[in-house]
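Residue-level structure breakdown
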Amino acid sequence: MTWEPPVIALTPIVEAFRSDQGPGNLLALQCFLLCAEKPRTLAELEQLTGSPNSRINIAVRSLTPYWDARAGVVKRPALHLLQRRRRIDGRGHRYHLTAKGRKLLESANPADT
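Values in this document were obtained by computation on a predicted structure and should not be read as measured data. Each chain has its residues counted from 1, following the order in which its sequence is written. For a predicted model such as this one, the threshold for reporting local features is a pLDDT of at least 70, and the threshold for listing and counting side-chain atom pairs is 80 or more; totals across whole chains, interfaces and linings nevertheless cover every residue. Derived side-chain values reflect all non-hydrogen atoms in the structure, with water molecules and hydrogen atoms excluded from consideration.

Focus on the overall build of the chain
Helix and strand assignments come from DSSP, with helices taken as H or I runs of at least 4 residues and strands as E runs of at least 2, each series counted from the N terminus. A tally of regular secondary structure across the chain gives 5 helices and 4 strands. Scanning the chain from its N terminus toward the C terminus, one meets helices and strands in the order α-α-α-α-β-β-β-β-α. The buried label goes to any residue with under 20% of its type's maximum accessible area, the exposed label to any with over 50%, and the partly exposed label to all in between, with areas taken from a 1.4 Å probe on protein chains only. For the chain, the residues scored as buried account for 30% of the 113 residues in total. Accessible surface area values rest on a Shrake-Rupley calculation with a 1.4 Å probe, where residue burial reflects the displayed protein chains alone. Surface summary for the chain: the accessible area is close to 8000 Å², and the carbon and sulfur share equals 53%.

Below is the structure:
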C-alpha cells in the first residue's frame, strides 16, 4: 500500500504564495489556511501556530491592506487574501477570506465545486 500526497490540490495555493513579491512566507500560508476554516483573531492564530504576535502581524500584513503612517498611504499587498474586520464587541479584529482568497481555494480543489 502506497500513499500519494495531495500535491495537485495545493499546487495553485503554493504557486500563488511563491510568486508573490518577496520571500515565500510559510507562516502567512498557514494563517491563510487557518482563516479559511473560519474567521480568526490574532490571539487565535497565535495559539494555533505557536508563533509570537509580532510574527503573526508580519505574516498577516503580507495578506491584508494596511495604513503606512510614515508614507501616509494605504499599502496593498499583491496577494490580498485576508480582510480585517472589527469584532462585534469592538475589541480587536477577525481576519476573513476575501473573494480572491475564496477563488484561490476553489481553484485548488475543483472537485468540491
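Here's the deal with the packing of aromatic side chains
Any pair of Phe, Tyr and Trp rings, taking the six-membered ring for Trp, is counted once the centres come within 6.5 Å. Such a pair is stacked with planes under 30 degrees apart, edge-to-face with planes over 60 apart, and tilted for the rest. Counted by the stated rule, this structure contains 0 aromatic pairs. Any Lys NZ or Arg CZ that is within 6 Å of a ring centre and within 35 degrees of that ring's normal is treated as a charge sitting over the ring. Over the ring of Y66 we find R61, and its NZ or CZ is 4.1 Å from the ring centre.

Side note on the side chain of H96
Structurally, H96 can be placed in strand 4 (residues 93-97). We call two residues in contact when some of their heavy atoms are within 4.5 Å. With residues near it in sequence (within four places) discarded, H96 still touches P39, L81, L82, Q83 and R85.

Some remarks on the nonpolar core
Definition used in this section: a nonpolar core is a set of buried Ala, Val, Leu, Ile, Met, Phe, Trp, Tyr and Cys residues joined via side-chain atoms within 4.5 Å. Among the nonpolar cores identified, the biggest contains 22 residues, and F17, F32 and L63 are the most heavily contacted of them. When contributions to this core are tallied by element, the ones reaching two or more residues are helix 1 (7-19), helix 2 (26-37), helix 3 (42-49), helix 4 (53-61) and strand 4. Top element by residues in this core is helix 2. It accounts for 7 residues. Those residues within four positions of L63 in sequence are excluded, and the remaining contacts are F17, A28, F32, P77, L79, H80, L81 and L82.

Some details on helix 3
Three or more residues of helix 3 are buried, namely L42, L45 and T49. Within helix 3, the buried residues cover an arc of 60° as seen down the axis, which keeps them to one side. The exposed set on the far side of helix 3, more than 90 degrees from its buried face, consists of A43 and Q47. Along its buried surface, helix 3 packs onto helix 2, helix 4 and strand 4. Backbone geometry just downstream of helix 3 places G50 in the positive-phi region, at approximately 75°. Note that the arc is computed from the directions linking the helix axis to the C-beta atoms.

Examining the pattern of salt bridges
By convention in these notes, a salt bridge is any Lys or Arg side-chain nitrogen within 4 Å of a carboxyl oxygen on Asp or Glu. Under the definition given, this model contains 3 salt bridges. Notably, a salt bridge pairs D68 with K75, separated by 3.7 Å at the nearest N-O pair. Of the residues examined, D68 reaches a relative accessible area of 19% and is grouped as buried. Look at K75 and you get partly exposed, because its relative accessible area is 33%. A salt bridge links D89 to R87; the shortest N-O distance between them is 2.8 Å. Overall, the relative accessible area of 28% leaves R87 in the partly exposed class.

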